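Chains, contacts and geometry: an overview
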Amino acid sequence: MHLFTFQSRYRVLVIFVTLLVNSILTLLSYYYYSLCLQIDQEVTGGVYDITSSGSHKLAVLVPFRDRFDELTQFLPYMTHFLRNQGISFTIIVINQADKYRFNRASLINIGAMVTANESDYLVIHDVDLLPLNEELSYDWPMESPFHLAAPWLHPHYHYENFLGGILVITRQQFEQVNGMSNRFWGWGREDDEFHKRLIDAKLSVHRPMHIRTGTDNSFRNLHSIYRRQRDSHKSDRQKELQFKRDFDTGLSDVSYELIRVQRLTIDGAICRVYHVELECDLDETPFCEKSDLLTPSNGDRRHLESTTLKEKWRLNEI
């Protein structure tokens, strides 16, 4: 009788301890899940991916159209790259969803506008260019714009005044020159005009120095002319305007309609996508309408075909 009582009490104790341990583990798991969910909500809810020791906030502006295969590589890669540098950042994709020719500069102006209250500096970033050298810093550019994709580092463009690819600039500097010209429809020359604006404002451009890599191993270029040719056709009017300084258009008068905003997650990396339709003054820039004459640029001819990575992705409308 006493033996039975002892065994019964022992079993009850074992059951009690087991239930207690399971309850503790469940509570710990719930706490961990809640913590992870909270972090995920902080990331996806807008604002900045990471908490940096610095006070500056970077908006990565990606002008975009029909480049989802490049974006599936860009977003996870750049998220990892910027986290390693301790940058507090958000990635903004501005997708041109209208019938007109691509206007990279106008999309950049829109990106600067929609991030006006959440960042104090910008990086204008091509979706098909990935930095390979960790010495290429995306930190606050201080007194002057910082051109990361310098002519002696970019895999394809090496002329002295080249300013494309990746440019870090403070918001104050970008606003000081009224952003970029809205007159450049199709591919090319908007960066050259922007360089003239910086010169007029006496803003010298700094570039990476003493970098241990060169044109072959500083960046990876994802663009492939075999899958997608750039719209490099220039009308006579465009040829007349392409080397001139535009004193009339810029950040202050970019005209567009915001269609919707979406949150895009690719392998845990998050960005906001602004789908916009640009407006075009056909009297001022009739060449905004699409042309069947697509001429590959010299740079395109030098690009190697890239391998498309298969990435998991998830798209949620905000």
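Everything that follows concerns the structure shown earlier in this document.
Residues numbered from 1 in each chain as written. Predicted model: local features only at pLDDT ≥ 70, side-chain atom pairs only at ≥ 80, totals over all residues. Heavy atoms only, no water.

Comments concerning the state of the cysteines
A full pass over the atoms with the stated rule returns 1 disulfide. For Cys280, the disulfide goes to Cys288, at an S-S distance of 2.0 Å. Its S-S torsion of approximately -95° makes the covalent link between Cys280 and Cys288 left-handed. Per residue, the accessibility class of Cys280 equals that of Cys288, and both read buried. (Disulfide = S-S within 2.5 Å. Buried < 20%, exposed > 50% of the residue type's maximum accessible area, 1.4 Å probe, protein only.)

Some thoughts on the side chain of Gln262
Along the chain, Gln262 turns up in strand 8 (residues 256-266). By relative accessible area, Gln262 is classed as buried at 9%. Polar contacts involving the side chain of Gln262 include one to the side chain of His275, which spans 2.7 Å. (Helix = DSSP H or I, 4+ residues; strand = E, 2+ residues; numbered from the N terminus. Polar contact = N/O pair within 3.5 Å; in protein donor to acceptor, adjacent residues only side chain to side chain.)

Some points on a nonpolar patch on the surface
On the surface, a nonpolar cluster with roughly 390 Å² of combined accessible area is contributed by Leu13, Phe16, Val17 and Leu20. With respect to the helices and strands, Phe16 occurs in helix 1 (residues 2-44). (Patch = residues over 30% accessible without salt bridge, like charges linked within 9 Å, V, L, I, M, F, W, Y side chains within 5 Å. Areas by Shrake-Rupley, 256 points an atom, 1.4 Å probe, with all protein chains shown as cover. Salt bridge = Lys/Arg side-chain N within 4 Å of Asp/Glu carboxyl O.)

Some thoughts on the environment of Leu264
Counting through the fold element by element, Leu264 comes out in strand 8. In this structure, the C-alpha to C-alpha distance between Leu264 and Val93, residues 171 residues apart in sequence, is 9.5 Å.

A few points about unusual backbone geometry
Phi angles above zero are rare outside glycine, and Lys202 is one such case at about 60°. Mapped onto the secondary structure, Lys202 falls in the loop between helix 5 (190-200) and strand 7 (219-221). Relative accessible area serves as the criterion here: at 75%, Lys202 is assigned to the exposed category. We note that Asp267 has phi near 50°; this positive angle belongs to a residue other than glycine. Tracing the chain through its elements places Asp267 in the loop between strand 8 and strand 9 (269-278).

A look at the pattern of salt bridges
What the rule picks out here adds up to 16 salt bridges. For the salt bridge of Arg104 with Asp126, the shortest nitrogen-to-oxygen distance reads 3.2 Å. Note that Arg104 is positioned in helix 3 (residues 104-114) and Asp126 in the loop between strand 3 (121-125) and strand 4 (129-131), a separation of 22 residues in sequence. Of the charged contacts in the structure, one is a salt bridge between Arg212 and Glu135, with a shortest N-O distance of 2.4 Å. A residue pair is termed long-range when its members are at least 10 positions apart, and Arg212 in the loop between helix 5 and strand 7 and Glu135 in the loop between strand 4 and strand 5 (146-147) qualify at 77 residues.

As for helix 2 (residues 68-84)
In an α-helix, one turn spans 3.6 residues, which is why side chains three or four residues apart end up on the same side. Here helix 2 contains 17 residues, and its C-alpha end-to-end distance of 24 Å stays within 8% of the 24 Å for a straight helix at 1.5 Å per residue. For helix 2, the buried fraction is high: 12 of the 17 residues fall into the buried class. Those residues of helix 2 that sit buried are Asp69, Glu70, Leu71, Thr72, Gln73, Phe74, Leu75, Pro76, Met78, Thr79, Phe81 and Leu82. One or two positions beyond helix 2, positive phi appears at Gly86, with a value near 70°. (Expected span 1.5 Å × (residues − 1).)

Bear in mind that shape data such as this cannot, by itself, settle questions of function.
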